[in-house]
Amino acid sequence: MKNEITITVNGEKHTAEVENRLLLVHLIRENLALTGTHIGCDTSNCGACTILVNGKSVKSCTILAVQANGKEISTVEGLSPGGELNALQEGFKENHGLHCGFCTPGMLMRATELLEQNPNPTEEEIRWGISGNLCRCTGYNNIVKAIQYASAKLRGVELPSTEPDFV
Amino acid sequence: MIKCKTSKEISGMGHSMKRKEDARFLKGKGNYVDDIKLPGMLHMDIVRSPYAYAKIVKINAEEALKIPGVIAVVTGKDLEQYNLHWMPTLMSDTQMVLPTDTVMYQAQEVAAVIATDRYAARDGKEAVMVEYEPMKPLMDPKKSMDEDAPLLRPDKEGQTNNHIWHWEAGDREATEKVFNEADVVVKEHMHIPRIHVASIETCGCVADYDKVENHLTMYMTTQAPHAIRTVIALVAGHVGLTEEKVRVISPDIGGGFGGKVPVYPGYVIAIAVSFLVGKPIKWVEDRSENLQADSFARDYHIDAEMAADKNGKILATRFKVLADHGYTDASANPSKFPTGLFSIGTGSYDYGTAFMEADAVYTNKPPGGVAYRCSFRVTEAVHAIERMTDRLALEIGKDPAQLRFENFIKKDQFPWKSPTGWEYDSGDYHAGLELAMKAIDYEGLRKEQVEKRANGEMMGIGISTFTEIVGAGPSKDFDILGIKMFDSAEIRVHPTGKAIARFGTKSQGQGHETTYAQIIAEELGIPAEHIQIEEGDTDTAPYGLGTYASRSTPTAGAAAAMAARKLRDKAKKIAAHLLEVSEDDLEWEPGKFSVKGAPEKSKTIQEIVFASYTNHPQGMEAGFEATHYYDPPNLTFPSGAYICVVDIDKETCEIKVRRFVAIDDCGNIINPMIVQGQVHGGLTQGIAPAMYEELIYDEAGNILNGTFMDYLVPTAVESPKWETGHTVTPSPHHPIGAKGVGESPTVGAPPAIANAIVDALSVHGVTHMEIPITPFKVWKELQKRGVFDKE
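Scanning chain B for helices and strands turns up 19 helices and 34 strands. With the C-alpha coordinates of chain B rotated into their principal frame, the extents come out at 90 × 75 × 50 Å. By the burial criterion, 66% of the 791 residues in chain B qualify as buried. Per element, the accessible surface of chain B, about 27,100 Å² overall, is 51% carbon and sulfur. Across chain B, the 84 positively charged side chains and the 111 negatively charged ones have centroids separated by 3 Å.

Taken together, the contacts link 64 residues of chain B with 54 residues of chain A. Summed over both partners, the interface of chain B with chain A comes to about 5,100 Å²; 56% of that surface belongs to carbon and sulfur atoms. On the chain B side of the contact with chain A, Leu26, Tyr119 and Ile200 of chain B bury the most area, a combined 16% of that side's loss. As a salt-bridge pair, Arg118 of chain B and Glu30 of chain A come within 2.6 Å of each other at their nearest N and O atoms.

Time to look at the domain arrangement of chain A. Where interface size is given, it is often the accessible area lost as the parts come together that is meant. Residue and element names in this part refer to chain A. Domain boundaries assigned for chain A yield domain 1 (2-77) and domain 2 (81-155). Computed over C-alpha atoms, the centres of domain 1 and domain 2 are 21 Å apart. Each side of the interface is counted separately: domain 1 has 18 residues, and domain 2 has 14 residues. One can count zero salt bridges joining domain 1 with domain 2. In this structure, the connection of domain 1 to domain 2 is made through seven residue pairs in polar contact (both at pLDDT 80 or more). At the level of secondary structure, the elements contributing two or more residues to the side of domain 1 that touches domain 2 comprise β3 (50-53) and β4 (56-59). Looking at the side of domain 1 that touches domain 2 residue by residue, the classes come out as six nonpolar, 10 polar and two charged.

For the rest of this paragraph, the subject is the packing of aromatic side chains. Residue and element names in this part refer to chain B. A full pass over the atoms with the stated rule returns 28 aromatic pairs over all chains. With a centroid separation of 6.2 Å and an interplanar angle of 80°, the aromatic rings of Trp167 and Phe342 are classed as edge-to-face. Linking Trp167 in strand β9 (residues 163-170) with Phe342 in the loop between β17 (314-324) and β18 (353-361), this pair joins segments that are 175 residues apart in sequence. You can call Phe342 buried: its relative accessible area is 0%. Feature note: the residues Tyr349, Phe405, Phe408, Phe414 and Tyr429 constitute an aromatic cluster, connected by ring pairs. Positioned over the ring face of Tyr362 is Arg153, at 5.3 Å from the centre of the ring. Lying over the aromatic face of Phe179, Arg318 brings its terminal NZ or CZ to 4.2 Å of the ring centre.

This part covers empty space enclosed by the protein. Residue and element names in this part refer to chain B. Using the criterion set out here, one finds 12 cavities of 30 Å³ or more in the structure. Considered as a void within the structure, the largest cavity measures approximately 490 Å³ in volume. Taken together, 34 residues make up the lining of the largest cavity; nearest its centre are Gln510, His512, Gln678, Val741 and Gly742. Secondary structure elements with two or more residues in the lining of the largest cavity: α13 (512-524), α14 (552-579) and α16 (672-692). Residue classes in the lining of the largest cavity are distributed as 12 nonpolar, 18 polar and four charged. Every element with two or more residues in the lining of the second largest cavity is listed here: β4 (86-88), β12 (215-220), α6 (225-236) and α7 (265-277). In terms of residue class, the lining of the second largest cavity is built from 18 nonpolar, no polar and no charged.

Our next topic: the environment of Ala611 of chain B. Mapped onto the secondary structure, Ala611 of chain B falls in helix α15 (residues 605-614). With sequence-adjacent residues up to four places away left out, Ala611 of chain B is seen in contact with Ile574, Leu578 and His616 of chain B.

Before going further, it helps to spend a moment on the sheet that holds β3 of chain A. All names here are of chain A. Ordered by their spatial adjacency, five strands build an open sheet running β2-β1-β5-β3-β4, and the pairing between neighbours is mixed. The sheet terminates laterally at β2 (12-19) and β4, the two strands that pair on one side only. Each adjacent strand pair in this sheet contributes to an overall mean axis angle of 40°, direction not counted. As paired strands, strand β1 (residues 2-9) and β2 are joined by eight bridges and run antiparallel to one another. Counterpart to Thr6 in the pairing with β2 is Thr15. Along the sheet face, helix α3 (residues 104-117) touches β3, β4 and β5 (72-74) and points at about 35° away from the line of β3.

Glancing now at a nonpolar patch on the surface. Residue and element names in this part refer to chain B. The grouping of Tyr82, Leu276 and Val277 at the surface amounts to a nonpolar patch, some 220 Å² of accessible area in total. If you trace the backbone, Val277 turns up in helix α7. Its relative accessible area of 37% is what places Val277 among the partly exposed residues.

We now examine helix α1 (residues 24-31) of chain A. By the criterion of burial, α1 of chain A is predominantly enclosed, with six of the eight residues buried. Following α1 of chain A by one or two positions, Ala33 of chain A adopts a phi angle in the positive range, close to 55°.

Moving on to unusual backbone geometry. Glycine aside, residues mostly have negative phi, and peptide bonds are mostly found in the trans state. Residues and elements named next belong to chain B. In this structure, the amide linkage connecting Gly368 to the following residue, Gly369, adopts the cis form with an omega of 0°. Cis peptide bonds are those with omega within 30 degrees of zero, and the linkage from Ala472 to Gly473 qualifies with -15°. For Ser92, which is not glycine, the phi torsion reads 60° and is therefore positive. In this structure, Ser92 sits in the loop between β4 and β5 (94-96). Of note in the backbone geometry, Arg373 takes a positive phi value of approximately 50° without being a glycine. Within the element layout of this structure, Arg373 appears in the loop between β19 (368-370) and α9 (378-396). With a relative accessible area of 4%, Arg373 lands in the buried category.

On to the packing of helix α2 (residues 87-94) of chain A against helix α5 (residues 141-155) of chain A. Packed helix pairs are characterised by how far apart their axes lie and by the angle those axes make with each other. All names here are of chain A. At a closest axis distance of 8 Å, the pairing of α2 and α5 adopts a crossing angle of 135°. Between α2 and α5, the crossing angle belongs to the class labelled oblique. Crossing of α2 against α5: the hand is right-handed. Contacts between α2 and α5 involve Ala87, Leu88, Glu90, Gly91, Phe92 and Glu94 on the former and, on the latter, Ile143, Ala146, Ile147, Tyr149, Ala150, Lys153 and Leu154. Among the residues forming the contact of α2 with α5, the class breakdown is nine nonpolar, one polar and three charged.

All names here are of chain B. In the sheet, strand β2 (residues 54-60) pairs with strand β6 (residues 102-103) via two bridges, with the strands oriented antiparallel. Bridging from a neighbouring strand, Lys55 pairs with Thr102 of β6. Bridge count for β2 against strand β8 (residues 129-134) is six bridges, and the pairing is antiparallel. Bridging from a neighbouring strand, Lys58 pairs with Glu131 of β8.

With that settled, consider the pattern of salt bridges. Two side chains that carry opposite charge are able to pair once their charged atoms sit near each other. Residues and elements named next belong to chain B. With the rule as written, the count across this model stands at 65 salt bridges over all chains. Across the salt bridge formed by Glu188 and Arg391, the nearest N and O atoms sit 2.6 Å from each other. Here Glu188 is found in strand β10 (residues 184-192), whereas its partner Arg391 is found in helix α9, with 203 residues between them in sequence. A salt bridge links Glu490 to Arg502; the nearest nitrogen and oxygen atoms lie 3.7 Å apart. Taken as a pair, Glu490 in strand β25 (residues 487-493) and Arg502 in strand β26 (residues 499-503) lie far apart in primary sequence, 12 residues in all. Of the residues examined, Arg502 reaches a relative accessible area of 13% and is grouped as buried.

Rules behind the numbers
- Residues numbered from 1 in each chain as written.
- Chains lettered and ligands numbered in written order.
- Predicted model: local features only at pLDDT ≥ 70, side-chain atom pairs only at ≥ 80, totals over all residues.
- Heavy atoms only, no water.
- Helix = DSSP H or I, 4+ residues; strand = E, 2+ residues; numbered from the N terminus.
- Buried < 20%, exposed > 50% of the residue type's maximum accessible area, 1.4 Å probe, protein only.
- Areas by Shrake-Rupley, 256 points an atom, 1.4 Å probe, with all protein chains shown as cover.
- Lys, Arg positive; Asp, Glu negative; His and termini not counted.
- Charge placed at Lys NZ, Arg CZ, Asp CG, Glu CD.
- Contact = heavy atoms within 4.5 Å.
- Buried area = accessible area lost by both parts, 1.4 Å probe.
- Salt bridge = Lys/Arg side-chain N within 4 Å of Asp/Glu carboxyl O.
- Domains from an automatic or database assignment.
- Polar contact = N/O pair within 3.5 Å; in protein donor to acceptor, adjacent residues only side chain to side chain.
- Nonpolar A, V, L, I, M, F, W, Y, C, P; charged D, E, K, R; others polar.
- Phe/Tyr/Trp six-rings, centres within 6.5 Å; stacked < 30°, edge-to-face > 60°.
- Lys NZ or Arg CZ within 6 Å of the ring centre and 35° of its normal.
- 1 Å grid on protein atoms, 1.4 Å probe; cavity = no way out; pocket = protein on both sides within 12 Å on 5 of 7 lines; lining within 4 Å.
- Points joined across faces, edges and corners; volume = space filled by probe spheres on them.
- Pairing = 2+ DSSP bridges.
- Axes fitted to C-alpha atoms, helices over the stretch in contact; angles between N-to-C directions.
- Patch = residues over 30% accessible without salt bridge, like charges linked within 9 Å, V, L, I, M, F, W, Y side chains within 5 Å.
- Parallel < 35°, antiparallel > 145°, perpendicular 65-115°, else oblique.
- Left-handed = near helix turned anticlockwise from the far one by under 90°.

So, in structure tokens, the structure goes:
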């Protein structure tokens, strides 16, 4: 069974004929060749495939491509259209919020929505906010710092130190 | 602050340089195996056994082959025709690629389905009908050697029972004598449970065999691309895939932690099928397959004993290990070390007598084991020694910090010969523990604990002061399948002073593209920003043994420094030629040579490099390139002092890690930001087995938690806010005085957490808890002791 769907991904409109059972993550990765969105599990626990659907963070392995028909989708490739890192990407780089980089796109997309809902989250709110995204490398301390940095930058307040507190 | 010899512009050692590799990952432009898409590429999915032990009666692929898109179903019988149905493990055991008659563990590969896309392959997998005759599996390693145990490996010549090997270290008789005469002997049985590395990227490959060129390009999630190339050539040389015809490319790797060292059947099947059909084959396992079938880590049952005098002076230790390797010994250890570096288990303490032995057995569990962010079985050893040290302190009523201070090897005793034969290079254990105690206010915490206990509250403080052993290794002892464990670096500086350097290792997140550039920048004064680092392509990189066991800095990092020093020697000759002075009249500062006493007469490294292509001295070889293969004279011995504070809820038994201070000593630090990041990550992989993770099987051989729904990888909520710091005791034998660090925290953290929990529960008579220590386990233990009855 195939259906034609139209979705907007990072501002660009795509029409595709897809099997009803095609997962959105496969549409994004394979049909649209946007491989920044990753697959890390088969039970919707890891969050590596997190994207935004109409501004809301969604694990793209949990929804079908046909369910995204008519929706606006943002992936990691759309975060910095001008080439310069955006506040969150910069936060991750400045604070060493990534090691292998595999969970990073999902973390960035989840954090994008988190900061939109709550521009100045506490550490605990950040930790709960990203608890649907697993990272195996970083131990999360620096991901929290990265999101705090982005929060400060977006609010236009003084940026926290990015020096490692490794004394 | 760490003192740096170079400016921030050069960013040599000690600078927290931001990572050069980050941009592509942040923009979604990383290139992982599953991102590779080749023309004509087919997809492979694998049919797996629902049984832990069964005869295969029949495999019927008829229905599967009717599915549109399904091209072939490959079984063990098909591979048998090419003698590709078995493969060697890294430990010289053997493993089925695909079975011809018997399956030996649940989720074992049974057949492969090849199809035009992922979905058709999965449909085909569901439609392959396999008829099994199930048998009663052997799941308990303690029963492996029973008279009535089934013989699991009749395929191995001379194998008459399920015993794999026996290993020992130290002195059995001398140890027994000390134990017989000691004032105090403490004992515990501990199981270091079976766990899984669970890197967020699973394993996979694209095998691309070109029939015209008779050439295989293998894109693969591997931590050791060169070793894999050699293994492929050894296994498939007889069908024409000799080593020059094989190119292994390890692209960006989404976490390794040891799980991407072994060769899994899926890789071999993909190669075999690509070889037969002449098309690229992609195989990427899903998470459940990854957890259920890929190499596990740990699974050591340890009887640990410690002997001491009445004051708590440690006199001897004795560890007896039962190692459950599952269906085959597929460990990723150096060949001569069946228990890896377990014999580091005498720890950070000054005593001269120890004995350790281990026996490995087969069971009907998946094969292994790999390291889980640990240098070859060091975590198991450190858990045993650090738990027993606390056990002794509890027994004689001495503060565990005090007991450690009294037993530590002293700074001036290095190099120190351990009773199991290691020579520790350097360390300052007293300084580390003093710093950790100060950072966490140990005295204050002990006072608080007294008050809390008076109120019936459970608060615990746990210490772990461990010694790691990393950087395999000296080639006289260390090899993998005969290949010596050196590593390599090749530096090529272009005429304009910018460089590319290639290595035999392979980063999986460790930040090599930054840290290796910093090492070269330190030695040559070329800004790290101008040095491109490349790894993971066997056609371009010099041969190396790969990245695992915290060996990259100790081996390839050293190779980078040595190769750079060769270039600096050449630079000096060129500078002398350009400045028309003798070499002895020159002095070096990062980035330039100048004439002694006339600093205005100088040549920058960039000018010198340019001259090496445009104006080099007659008779000298042109160009500016060097290669070095580094064979370390010894391993490096990083150490750490960790202190953990837990609070346990009286009613729910919920365990909260209130604080965790980790002081690490990895010698000279290349990039503090990256070292700290490694420590954070390692600590979270330390709390994981201490409190959350364990692969659990039932008696019928079913895995009970083979998905991310029930295998509990810590999230940002479970992971505490780590507090970290360092001391610096350089390695005396390493060219830049560095030691490995990536795995120290995973090794050191579990006993600190277990010791803290046992400390909290010790008021109720608890002396030991098996990891992972869950609230339910605590509740059961307290229930058993009637703690709730009293209230």
